[in-house]
Amino acid sequence: MSETKTLSETQEIIQDNQDYTLFSWSKQKGTNPIAVKYGEGVYLYDYDGKRYIDFSSGLMNVNIGHGNQRVTEAVVKQMQEVSYVTPSCVTKARGELGKKLASITPKGLNRTLFTIGGAEAIDNAVKLARMYTGRHKILARYQAYHGATYGAMSAGGDPRKLQADSQQAPNFVHFDIPYKYRWEYGEENLLKDAVGNLERVVAFEGPQNIAAIILEGESGSSGCLKYPVGYLKKVRDICDRHGILFIADEVMSGFGRTGKWFAVENHDVIPDMIATAKGITSGYLPLGALIVSERIASAYDDKVLFLGLTYSAHPVCCAAALEMLKNYEDENLIENAVVMGKYMDKQVAILKKKHPSIGDWRNTGLLGCLELVKNRETKEPMAPFNAKPDEMVVMNKVAARLRELGMYTFVRWSFIFIAPPLCITKEQIDEGLAMISDAVGIADKEVEHG
Ligand SMILES: Cc1ncc(COP(=O)(O)O)c(C=O)c1O
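One structure accompanies this document, and this report is about it. Owing to the predicted nature of the structure, the values given are computational and were not obtained by experimental measurement.

**A few points about the overall build of the chain**
Helices and strands together make up the secondary structure of the chain, namely 13 helices and 16 strands. At 22 Å, the chain has a C-alpha radius of gyration in line with the 22 Å of a compact globule built from 450 residues. The buried share among the 450 residues of the chain stands at 54%. Sequence separation of at least 24 residues holds for 73% of the intrachain contacts in the chain that already meet a minimum separation of 6.

The structure is reproduced here in structure tokens:
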């Protein structure tokens, strides 16, 4: 008898995946995936019937929650009509989606090139910025993630790129923004230092060479690191002064995640381009979008726009997105993100009093992150930046406990991300935070007192 016959359904599913597929960002041996059978709202269910509360909306993309059948119906309808047309043909869904996006984006950002996901939106933003300005350098923040294609990876500063660093695309220059939680020189100097640093980098690199500055609308997987108040407005000023384009990466922070359609609205700035993805379809199908100003788009009225993808404006993905955007409005999801975000802040403040290992909580809407520390005085993180496996022992135990209790969320270094679907209720927040409180108890034991 072959060994596979003795495997349960769950084990067989996992085994096939482990034997015949590759896992992102992991050692291939020893992965321990959840075999998900179905999802409903904020919950995922595995093949053994175990329920997991999804406290990170997948990869901060399933903004409307799991299992929404309205979207399924829209997708089926589109597929019954036509599943694919080349990007030189058009569909009703593509036009209506473009129009809808123009109505919810900041003023003047009216024209969209549809891509397959976030990284392709970033790559196309970089290419367009270079073609439009005739300049070649792109400035970006070290502590930011922009995707895993070569261009997007090179734009990001996330250490996951370090293995391929020597091969990275040229002409990406990185700068730092002070980390407010660990800033020791008075809050009044934070903005000044951050802006001064960027201005110096612009001067050293030569503003005439800089095509664009790219920044996340609100920081995500790097730890929800907040910008100093007023920083993005200063970036806008620097861009305007030197003819540099401002690209906002709203891949994670877009579509209600921060309590606005786009996170730049929290900072009262209008970028020249928005690169987005994730929440546009809530991950139901892959779709990204590069939304550009009328000024940039019209430069190509009589000139060829040298950008393209076979699956640009895929009809089925556009139909899914269109229905998705209606859903955000019909279900008041963005309003709910604001209300639930405030409730989350209140409840986490209570947790913080109880748990000495919680050093910081940074949140905008429902894009939040707990930072665990060994010592609140020294702020030594529970696991360092880019922690090696042996430095993750405590945090791995915290993550394992969360999983055991029935939570799916994103734990990285000393961060526990809290970014649930925007449809979450107070009761579900309480349920999730009770699990986090239990698991954080493990880290509390590691706190150095006195
Ligand atoms: C801010 C940001 N930009 C870009 C990306 C890349 O998007 P994708 O994984 O869809 O290529 C991500 C993914 O997490 C992201 O968080």
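**Section: a negative patch on the surface**
The grouping of E9, E12, D16, D19 and D48 at the surface amounts to a negative patch. Judged by relative accessible area, which is 58%, D48 ranks as exposed.

**Notes on the site of the ligand**
Near the ligand the following residues occur: G117, G118, A119, Y145, H146, G147, E216, D249, V251, M252 and K278. In this structure, G118 approaches the ligand through a main-chain N or O atom, which is 2.9 Å from an oxygen atom. Look at the ligand: alone it shows 390 Å² of surface, and the protein chains cover 81% of it. Here the residues of the shell around the ligand are counted per class, giving 4 nonpolar, 4 polar and 3 charged.

**Overview of the sheet that holds strand β14 (residues 407-408)**
Strand pairing within a sheet occurs via backbone hydrogen bonds; the two strands may be parallel or antiparallel. Read across the sheet, 4 strands follow the order β1-β2-β3-β14 without closing on themselves; strand pairing throughout is mixed. One side of each edge strand has no neighbouring strand; the edge strands of this open sheet are β1 (36-40) and β14. As judged from the 2 bridges shared by strand β3 (residues 51-54) and β14, these two strands associate in the parallel manner. Residue pairing across strands places I53 opposite M407, the latter belonging to β14.

**Some thoughts on a nonpolar patch on the surface**
Where nonpolar side chains cluster on the molecular surface, the patch consists of M131, V304, L305 and F306 and spans about 380 Å² of accessible area. Its place among the elements puts M131 in helix α5 (residues 118-133). Owing to a relative accessible area of 33%, M131 belongs among the partly exposed residues under this scheme.

**Describing the layout of surface pockets**
Looking at the second largest pocket, its volume works out to about 520 Å³. Around the second largest pocket, the lining is made up of 23 residues, and of these R94, R111, T112, L113 and L305 lie nearest the centre. Elements with a contribution of two residues or more to the lining of the second largest pocket: α4 (92-104), β4 (109-115) and β10 (288-293). Of the residues that constitute the lining of the second largest pocket, the class distribution is 13 nonpolar, 6 polar and 4 charged.

Conventions adopted
Residues numbered from 1 in each chain as written. Predicted model: local features only at pLDDT ≥ 70, side-chain atom pairs only at ≥ 80, totals over all residues. Heavy atoms only, no water. Helix = DSSP H or I, 4+ residues; strand = E, 2+ residues; numbered from the N terminus. Rg over C-alpha atoms; globule rule 2.2 N^0.38 Å. Buried < 20%, exposed > 50% of the residue type's maximum accessible area, 1.4 Å probe, protein only. Contact = heavy atoms within 4.5 Å. Patch = residues over 30% accessible without salt bridge, like charges linked within 9 Å, V, L, I, M, F, W, Y side chains within 5 Å. Areas by Shrake-Rupley, 256 points an atom, 1.4 Å probe, with all protein chains shown as cover. Salt bridge = Lys/Arg side-chain N within 4 Å of Asp/Glu carboxyl O. Lys, Arg positive; Asp, Glu negative; His and termini not counted. Charge placed at Lys NZ, Arg CZ, Asp CG, Glu CD. Near = heavy atom within 4 Å. Polar contact = N/O pair within 3.5 Å; in protein donor to acceptor, adjacent residues only side chain to side chain. Nonpolar A, V, L, I, M, F, W, Y, C, P; charged D, E, K, R; others polar. Pairing = 2+ DSSP bridges. 1 Å grid on protein atoms, 1.4 Å probe; cavity = no way out; pocket = protein on both sides within 12 Å on 5 of 7 lines; lining within 4 Å. Points joined across faces, edges and corners; volume = space filled by probe spheres on them.

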